[in-house]
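# Working through the structure, step by step
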Amino acid sequence: MQNSQHAIADSSTKSEQEETNMRKTTMSLDNTSHERGYKDEHTRNSKENPKMNTQGTARKTSQPDRPGLDELVPSRYALKVGAIDVMVVSDGVLSLPESMLGHNVDPAVRAAWLEDKFLPPDVLEWALNAVVVRSGDRTILIDAGIGADPGLNLPRAGKLGQRLQAAGIDLASVTDVVLTHMHMDHCGGLLVDGVRERLRPDLRIHVAAFETKFWGGRPDFSRVHMPPGFPDALRRTAKRFLDEYDSQLRPFDKEYEVAPGVLVHRTGGHTPGHSVVRLASGGDRLTFAGDLVFQVGFEHPDWYNGFEHDPEEAARVRVGLLRELAANRESLVATHLSFPSVCHVAVDGDVFRWVPGPWEY
Ligand SMILES: [Zn+2]
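Scoring rules and cut-offs
Residues numbered from 1 in each chain as written. Predicted model: local features only at pLDDT ≥ 70, side-chain atom pairs only at ≥ 80, totals over all residues. Helix = DSSP H or I, 4+ residues; strand = E, 2+ residues; numbered from the N terminus. Contact = placed C-beta atoms within 7 Å. Pairing = 2+ DSSP bridges. Axes fitted to C-alpha atoms, helices over the stretch in contact; angles between N-to-C directions. Core = buried A, V, L, I, M, F, W, Y, C linked by C-beta atoms within 7 Å. Buried ≥ 20, exposed ≤ 12 C-beta atoms within 10 Å, placed from the backbone. Parallel < 35°, antiparallel > 145°, perpendicular 65-115°, else oblique. Left-handed = near helix turned anticlockwise from the far one by under 90°.

A word on the overall build of the protein. Within the protein, the regular secondary structure consists of 10 helices and 14 strands. Expressed as a percentage of contacts within the protein between residues at least 6 apart in sequence, the contacts between residues at least 24 apart total 73%.

This part takes up the pairing of strand E10 (residues 275-281). Sheet topology places strand E9 (residues 262-266) next to E10; five bridges connect them, and they run antiparallel. The residue bridging Leu263 from the neighbouring strand is Arg278, located in E10. Here E10 runs beside strand E11 (residues 284-288); their pairing, made up of five bridges, is antiparallel. Residue Ala280 lies in a different strand from E11, and its bridge partner there is Arg285. Taking the residues that link successive antiparallel strands as the turn, the E10-E11 hairpin has two residues, and the phi of Gly282 there is positive, at about 55°.

On to the sheet that holds strand E2 (residues 84-97). Strand-to-strand pairing in sheets goes through backbone hydrogen bonds, with the strands running parallel or antiparallel. If you walk across this open sheet you meet the seven strands as E1-E2-E3-E4-E5-E6-E7, and the pairing is mixed. In this open sheet, the two edge strands, each paired with only one partner strand, are strand E1 (76-81) and strand E7 (249-252). When strand polarity is set aside, the average angle formed by the axes of neighbouring strands in this sheet is 25°. Strand direction decides the pairing type here: E1 and E2, joined by six bridges, are antiparallel. In the strand pairing of E2, Arg76 is matched with Val89. Strand contacts of helix H8 (residues 209-216): strand E6 (204-208) and E7, with the helix running at about 80° to E6, the strand carrying the most contacts.

The next thing to look at is the environment of Thr175. Looking at the element boundaries, Thr175 is found in the loop between helix H5 (160-166) and strand E5 (176-178). A C-alpha to C-alpha distance of 9.8 Å links Thr175 and Arg134, two positions 41 residues apart in sequence. For Thr175, the residues in contact, after removing those within four places along its chain, are Arg138, Thr139, Arg200 and Leu203.

One broad rule of soluble globular proteins: the nonpolar side chains tend to lie buried together. Ranked by internal contacts, the top residues of the largest apolar core, which has 85 residues, are Val86, Met87, Val131, Val133 and Ile142. When sequence neighbours within four positions are dropped, the list of residues in contact with Val131 reads Val86, Met87, Val88, Ile142, Phe288 and Val333.

All right, on to unusual backbone geometry then. A cis amide bond, omega 0°, links Phe339 with the succeeding residue Pro340. Take Pro340: it is sitting in the loop between strand E12 (331-333) and strand E13 (343-348). The phi angle at Asp143 is positive, at roughly 70°, despite the residue not being glycine. Of note, Asp143 is situated in the loop between strand E4 (138-142) and H5. Judged by C-beta crowding, with 29 C-beta atoms within 10 Å, Asp143 ranks as buried. Phi angles above zero are rare outside glycine, and Ser341 is one such case at about 75°. Examined against the element boundaries, Ser341 turns out to sit in the loop between E12 and E13.

Before going further, it helps to examine the environment of Ala130. Position of Ala130 among the secondary structure elements: in strand E3 (residues 123-135). Residues Ala130 and Gly145 lie 15 residues apart in sequence; the distance between their C-alpha atoms is 6.5 Å. Contacts of Ala130, omitting those with residues within four sequence positions, involve Val89, Asp91, Leu141, Ile142, Asp143, Ala144, Gly145 and Leu160.

Phe210, Glu211, Thr212, Phe214 and Trp215 are the residues of H8 that are buried. Against the buried residues of H8 lie E6, helix H9 (230-245), E7 and E9.

This part covers the packing of H8 against H9. Contact geometry for H8 and H9: axes closest at 9 Å, N-to-C directions at 115°. When the interaxial angle is binned, H8 and H9 end up roughly perpendicular. Regarding H8 and H9, the two cross each other, and that crossing is left-handed. Residues Thr212, Trp215 and Gly216 of H8 form the contact with H9, whose own contacting residues are Ala238, Lys239 and Leu242.

Written out as structure tokens, the structure is:
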């Protein structure tokens with residue numbers, strides 16, 4: 001105690017030059033590892049600990065020849081689901097108005113929830129997570145982030161390309177893309193300049209037939225509550241995606257097994273073709289829930305998110321999935337839960353409780 005008080009007192013009398021030096025030292029630390037590929041890292045980590053993540057390799061890896069890849073924030077987290085390799089990769093953060101939390105509840109109730117969670121009152125900082133899965137001989141990218149900012153002032157997202165590269169994942173190694181749905185924060189990353197050229201010509205993109213039909217026609221926005229500019233940007237991005245990737249789309253009806261133990265399953269609700277990805281291997285299970293579950297959805301599964309095209313159905317499907325995950329105790333990962341978002345679900349009276357998983361190093 002004495003020591004720490006002493007340290008605090010000391011730090012208050014540090015000269016400006018000393019403080020600058022301290023900042024420099026802090027900024028030069030590197031908490032990520034980029035030299036090793038995903039598979040190599042994973043193999044090594046798996047030998048030591050089958051669920052170890054790549055941040056476990058705490059080496060100094062400053063790489064002046066690879067500018068822009070070194071970051072102080074963790075942006076990837078790897079784990080195993082039986083024999084399946086899973087890596088959550090962050091596309092960044094979306095700053096959205098707090099009313100997106102639940103447009104069917106009193107603003108004072110939303111404000112109280114935010115206060116209770118130590119969150120700012122006016123803006124939601126939404127994580128934006130994608131996932132890379134390896135099973136059998138397939139490498140599957142589940143969702144692709146938002147891509148280039150569609151003129152909506154979302155500068156903290158759209159980093160998936162750089163972060164996949166930093167993780168040693170080459171776009172040319174991706175055999176399949178699964179889209180949980182076609183909102184721009186899930187498919188926009190495929191429209192970034194140069195991405196299509198780096199993807200394999202035989203890439204297969206799995207998305208529910210309901211979804212391609214919805215966006216290919218006149219999508220219904222009558223029930224959403226989005227900030228101005230979003231509906232147009234969403235329509236534009238989805239149409240462009242359908243145009244550019246038409247020949248690679250592999251629409252499925254209800255569900256499709258992309259690789260051993262990797263099943264994409266249509267739920268509807270958030271959008272008509274919204275889907276989740278269920279992973280199962282060796283008795284282990286994990287579900288990537290896309291936009292079916294938001295942070296507030298554990299305590300308030302009946303709050304209507306502003307981006308839900310059929311909010312009643314979205315709430316119904318959300319409750320069903322959360323009940324199932326609580327009963328079978330499997331892991332949950334979702335697009336907009338705080339990175340890396342690996343967690344469990346517990347039943348708490350009439351609602352649910354979010355149980356974040358410990359980071360495993
Ligand atoms: Zn989303």
